Amino acid sequence: MKKLLLLCLLALLVNYSFAQDNETHRMILKDGWQMQSVTKDATPGATVSQTQFEPKGWYQISVPSTIIAGLLANHVYDFDPFFGMNFEKLNDPALDKPWWFRKEFELPAPEKDKNVVLKLHGINYKANVWLNGTLIADSTKIKGPFRIIELDVTKQIKSGNNVLALEILRPFNPNKQKGDLAIDYADWIHYPPDYNGGIVNDVEIKTYDKVGIQYPLVTTHFDMPSLAVAHLTVDALVTNYSKNEQEVTVKGKINNDVTFEKKVHLGPNEIKNVTFTPAEYKQLNIKDPRIWWPWQYGKPELNRIELSVEHGGAVSNSIAENFGIREMTSKLIDDHSRVFIVNGKRIMIRGAAWSPDIFQRRSKERQEQEIRLYRDMNMNIVRSEGKLEDDHFYAMCDKYGMLVMTGWMCCGAWQYPENWDAAKREVAMASDSSVMYWLRNKASLMVWLNGSDMPPRDTSVERDYLKIEKALKWPNPTISTANESKSKVSGFSGVKMAGPYEWVPPIYWETDSTGKYGGGTWSFATEISPGPSIPPYESLIKFIPKDSLWYTSADWNYHCGTMTFGTTKVFNAALIGRYGNPANIKQYIAEAQAQNYEAHRAMMEGYGLHKYHTATGVVQWMGSNPWPGLIWHTYDYYLYPAGTYFGMKKSMEPLHIMYSYASNSVNLINSLQEKFSGLKAEATIYNLDGTKKYSNTVATGVDADGIQKCFALPAITGLSTTYFLKLELKDAAGKVKDINWYWLSTKPDVLNWKKSKWYMTPETSYTDFSVLQNIGKTPLKVSYQTEKGADTTRHAVTITNTGKTVAFQVHLRALKGKGGDDILPVIFSDNYLELAPGETRVIHCKYADKDIAHAEPYFVTSAWNIDMGASKTEKESGFEEGWAK
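The structure contained in this document is the topic of the report that follows. (Residues numbered from 1 in each chain as written. Predicted model: local features only at pLDDT ≥ 70, side-chain atom pairs only at ≥ 80, totals over all residues. Heavy atoms only, no water.)

1. With respect to the overall build of the protein
Secondary structure summary: the protein contains 12 helices and 51 strands in total. For a compact globule of 885 residues, the expected C-alpha radius of gyration is about 29 Å, and the protein comes in at 29 Å, within 12% of that figure. Over its C-alpha atoms, taken along the principal directions, the protein stretches across nearly 90 × 60 × 55 Å. Counting the 885 residues in the protein, one finds 65% classified as buried. Relative to all contacts within the protein whose residues are 6 or more apart in sequence, the contacts with residues 24 or more apart total 71%. Accessible area of the protein: about 31,400 Å², with a carbon and sulfur share of 49%. In the protein, 99 side chains carry a positive charge and 99 a negative one; their mean positions are 2 Å apart. (Helix = DSSP H or I, 4+ residues; strand = E, 2+ residues; numbered from the N terminus. Rg over C-alpha atoms; globule rule 2.2 N^0.38 Å. Buried < 20%, exposed > 50% of the residue type's maximum accessible area, 1.4 Å probe, protein only. Contact = heavy atoms within 4.5 Å. Areas by Shrake-Rupley, 256 points an atom, 1.4 Å probe, with all protein chains shown as cover. Lys, Arg positive; Asp, Glu negative; His and termini not counted. Charge placed at Lys NZ, Arg CZ, Asp CG, Glu CD.)

Below is the structure:
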């Protein structure tokens, strides 16, 4: 197994250069690759991998790249694969045959006569590897996208020009029980016809002077509850690449002020783990450490470790990377609820699942943009189900203090280990080893899951996973599955994935708080959602033809999920039953934003209200989409934040006032590590015509990371069928800390629990918001101020309701000039909001200057019931018609 144990470096990547700050003697082969199908060029590998070969007509690409990603980069297709059902046009029999990925590179003269290693960090699915006319390894050895394979090419490498050629065959049937152990999308999306075949992570050349060091790991232990001293244990893997014994010195440095070293004897070709303990090295007991915290609990402080290995008085290689001083643990509250603990503090986990681009195209800029969107929604975790990202993604999570939950995937071959033959089992175990080495020192990694929808069905597989994880010193919790099953090996998971995945009304979440029907606010829901999230019109027209822009069209359904989730029928029925039949697509979209907002807000509020009793975490399925879709996201593929996004953001505010649908009460949720006293909670109820029907204010407070019931709302007579509840929280000085609006009805949503399914609970009757179509019009007044930064522009937009009725679903857009596209990504402090008669709100907006493309910003404000003629605005801004009759 040692020969197949795959090595992965954790340093930040720098292209085409040796002797980098992060690691010496390393070269990333990124740009200047050529790609072609064997059906177009049948030249054998012995020739393709020679400098004399001329790859005429081959595609120029950069890696990582899948086959289709490479073809898209070369503009092979005369259509947008995301538009309508164009995705089907990508089908090509050539994708079922091998493809060449060829790279010419030069080995610098100073690296001559050293040991040279080729490292493949992600070949999907298998490959024959050729170097300078020689077959280095065949497809029986090079197999699996999550393996990091090390090949000694010292004998084949040349000083000067070299040619590397990989003949890659895509995976087959990864979504089937007996398919390949590759990337599986289950019912999320349609599968790309190359099944992401290609190179999905880095390819690198490394050189060593006989010995090398890699895989740094810094493990932290505190004397809880004190965090005054961090006891650090340092591990690293040292390898002798020669056939002779070696006496070496391993040296380490932390933050340039803590040093340590150890002499190590290595036998021929020996691989040895070297450990520095705080008992042996007193300097590793760090006083007043810079501690890494999830961002809402403190600063995500990062430290720096440098390691080197010397022999004969010279450095063979060195490596340096960031790490976090932090300690991750977990415990079961009961058999069904696991709470996660960071540095001795329990944390209520609320976040969303992550998906990379459908063609595995990665952009450092986009990764950072999306992590910022997660943080802006006040989330503290990203879950990745078997769609492992690259080093930059995890570096961003480390930097921004976002926890990461990741592990193996459902629902195809990975889920059925009882069907694996010896070769597949070898792929699985080598993949587990690779990932443990790769991810174990990432500060943000909270937990690893050895299964997704169930524990490994072959118990020996879970036992072997656990042996690997223990041997490689995985420092974080490990659980067997993302669902509520009890593993025969490791016991209760303490988490669940019992649905729903389809539309359910706000009352659902608190009603099923005991787990009788599966969903609801109990345990740790690793994936759960009220279903579709309909993008705004400006996004929809980018991927659905205008003549198909209706919720029953084939193009519409094609951009839902697959199988059970291939339509928005359940969502549509609720929308029509609750808000009324839309007259056109724009009215449908407006109603959808309101329905998305209330549903997603209620889910996260419900979990927050019941935190630790026994709700311990919730992960929205999903945060992002791998392509333009209509279900399971918080912002769309184009990074447009709409109703779902702002419902999520509102619900997870650090100090939050909320309404409980189940108890008809006003409550506070505090996600901060600070106790608040002297607060004032105020509730005001307005009828549809804007008249005030009720008002109450109470003095209150809330403990650190606590919840507090303020008061129950009384029975009120004379309410309109639909009415509004405004909640406002102020501090002792009268400063507004939070505003939260609800639209409610005298007719409740009624769930049919007896007909619950794993993905939804139907309703026997809907609430009635249909009168919102006839809400009285009201004028708005809008103005804004601008603040220019070095590379960011900020605006403070003041919106006032100058009328007599509540302004419903006020939506603010920032455009690239009048009539231009939306500035994306963009951060609004609030949106899709309500305004009482005479109420003024200031909405803060910011964006990167490069994203406005030198245009002047233009703001557009809309509301369901805006009075266009009487509304007033200043500067470069305007209004958009609403939907109320």
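Alright, that's what it looks like, and here's the rest.
2. Concerning the pattern of salt bridges
Where charged atoms from two side chains of opposite charge come close, those side chains can pair. In total, this model carries 36 salt bridges according to the counting rule given. Of the charged contacts, one joins Glu-54 and Lys-56 as a salt bridge, the two residues approaching to 3.8 Å between their closest N and O atoms. In this structure, Glu-54 and Lys-56 share a single accessibility class: exposed. One salt bridge connects Arg-372 with Glu-368, and the closest N-O pair in it is separated by 3.4 Å. Remark: Glu-368 and Arg-372 occur in helix α3 (residues 364-376); sequence separation between them is 4 residues, near one turn of the helix. Judged by its relative accessible area of 46%, Arg-372 is partly exposed. Taking the relative accessible area as the measure of exposure, Glu-368 reaches 18% and is therefore buried. The structure contains a network of salt bridges with shared partners spanning Lys-650, Glu-653, Asp-738, Asp-830 and Arg-841. (Salt bridge = Lys/Arg side-chain N within 4 Å of Asp/Glu carboxyl O.)

3. Some details on the packing of α3 against helix α4 (residues 391-400)
Contact geometry for α3 and α4: axes closest at 10 Å, N-to-C directions at 35°. Crossing of α3 against α4: the hand is right-handed. Of the residues in α4, those touching α3 at Lys-364, Gln-367, Glu-368, Ile-371, Arg-372 and Arg-375 are His-392, Phe-393, Met-396, Cys-397, Lys-399 and Tyr-400. Partitioned by chemical class, the residues of the contact of α3 with α4 number 5 nonpolar, 2 polar and 5 charged. (Axes fitted to C-alpha atoms, helices over the stretch in contact; angles between N-to-C directions. Left-handed = near helix turned anticlockwise from the far one by under 90°. Nonpolar A, V, L, I, M, F, W, Y, C, P; charged D, E, K, R; others polar.)

4. What to know about the sheet that holds strand β37 (residues 692-702)
In space, the 4 strands of this open sheet follow the order β37-β36-β39-β40, with antiparallel pairing throughout. The open sheet has two free edges, formed respectively by β37 and β40 (736-745), since each of these has just one partner strand. Shown here is a sheet whose adjacent strand axes are inclined to one another by a mean of 15°, direction ignored. In the sheet, strand β36 (residues 676-686) pairs with strand β39 (residues 722-730) via 7 bridges, with the strands oriented antiparallel. Paired with Thr-684 across the strands is Lys-726, a residue of β39. (Pairing = 2+ DSSP bridges.)

5. Overview of the packing of aromatic side chains
With the rule as written, the count across this model stands at 58 aromatic pairs. With 6.2 Å between their ring centres and 65° between their planes, Tyr-501 and Trp-632 make a pair best called edge-to-face. Here Tyr-501 is found in the loop between β31 (491-492) and α7 (507-511), whereas its partner Trp-632 is found in the loop between β33 (617-620) and α12 (643-651), with 131 residues between them in sequence. For the pair Tyr-645 and Phe-646, a centre-to-centre distance of 5.0 Å together with 70° between the ring planes defines the contact as edge-to-face. Residue Tyr-645 is classed as buried on the basis of its relative accessible area, which comes to 1%. Sitting over the face of the ring of Tyr-612, Arg-346 holds its NZ or CZ atom 3.7 Å from the ring centroid. Lying across the ring of Tyr-637, Arg-366 places its NZ or CZ 4.9 Å from the centre. (Phe/Tyr/Trp six-rings, centres within 6.5 Å; stacked < 30°, edge-to-face > 60°. Lys NZ or Arg CZ within 6 Å of the ring centre and 35° of its normal.)

6. Regarding the state of the cysteines
Taken as a whole and judged by the stated rule, the model has 1 disulfide. Residue Cys-410 pairs covalently with Cys-411 via a disulfide, S to S 2.0 Å. Between Cys-410 and Cys-411 the disulfide shows an S-S torsion of about -65°. By sign, it is left-handed. On the basis of relative accessible area, Cys-411 is assigned to the partly exposed category, the value being 26%. (Disulfide = S-S within 2.5 Å.)

7. Examining helix α6 (residues 459-471)
Side chains three or four residues apart in an α-helix point the same way, a direct result of the helix having 3.6 residues per turn. Between the first and last C-alpha of α6 there are 18 Å, a value that for 13 residues agrees with the 18 Å anticipated at 1.5 Å per step. For α6, the set of buried residues is Val-461, Glu-462, Tyr-465, Ile-468 and Glu-469. Looking down the long axis of α6, one finds its buried residues gathered within 125° of arc, a one-sided arrangement. Pointing more than 90 degrees away from the buried face of α6 are the exposed residues Lys-467, Lys-470 and Ala-471. Residues of α6 that are buried sit in contact with α5 (422-439), β28 (445-449), β29 (478-479) and β30 (486-487). Backbone geometry just after α6 places Lys-473 at a positive phi near 60°. (Expected span 1.5 Å × (residues − 1). Arc of directions from axis to C-beta.)

8. Things to note about the sheet that holds strand β48 (residues 840-848)
With respect to topology, 5 strands assemble into an open sheet ordered β46-β48-β44-β43-β50, the strand pairing being mixed. On the outer flanks of this sheet lie β46 (827-828) and β50 (872-873), each paired with one strand and no other. The pairing of strand β43 (residues 780-788) with β50 spans 2 bridges and is parallel. Residue pairing across strands places Val-782 opposite Thr-873, the latter belonging to β50.

9. Considerations on the environment of Val-153
Tracing the sequence through the fold places Val-153 in the loop between β10 (149-152) and β11 (160-169). Judged by its relative accessible area of 0%, Val-153 falls in the buried class. Here the alpha-carbon distance between Val-153 and Lys-206, two residues 53 residues apart in the chain, equals 9.9 Å. Among residues more than four places away in sequence, those in contact with Val-153 are Val-116, Val-117, Leu-118, Leu-131 and Ile-136.

10. Things to note about the pairing of strand β13 (residues 203-208)
Where burial is concerned, most of β13 is hidden: 6 out of the 6 residues are buried. Neither face of β13 is left uncovered, since the one carrying Val-203, Ile-205 and Thr-207 and the one carrying Glu-204, Lys-206 and Tyr-208 both have all their residues buried. One ladder, built from 3 bridges, connects strand β1 (residues 26-28) with β13; its direction is antiparallel. Across the sheet, the residue bridging to Ile-28 is Glu-204, located in β13. As paired strands, strand β6 (residues 115-120) and β13 are joined by 6 bridges and run antiparallel to one another. Of the residues in β13, the one forming a bridge with Val-117 is Lys-206.

11. Overview of the pairing of strand β45 (residues 807-816)
For β45, the tally of buried residues reaches 9 of 10 residues, placing the bulk of the element in the interior. Looking at chain direction, β45 and strand β47 (residues 833-835) are connected through 2 bridges and run antiparallel. Considered in β47, the bridge of Ala-807 is made with Leu-835. Sheet topology places β45 next to strand β49 (residues 857-862); 6 bridges connect them, and they run antiparallel.

12. Here's the deal with the side chain of Glu-321
Mapped onto the secondary structure, Glu-321 falls in strand β21 (residues 314-323). At 5.8 Å, Lys-442 is the nearest oppositely charged side chain to Glu-321, a buried residue that forms no salt bridge. Of note is the side chain of Glu-321, whose polar atom sits 2.9 Å from the side chain of Asn-441. (Polar contact = N/O pair within 3.5 Å; in protein donor to acceptor, adjacent residues only side chain to side chain.)

13. Notes on the environment of Met-379
Along the chain, the position of Met-379 falls in the loop between α3 and β26 (381-385). Along the backbone, Met-379 and Glu-763 are 384 residues apart, and their C-alpha atoms lie at a distance of 30 Å. Excluding anything up to four places from it in sequence, Met-379 contacts Trp-295, Arg-350, Gly-351, Ala-352, Tyr-374, Met-402, Thr-634, Met-648 and Met-652.

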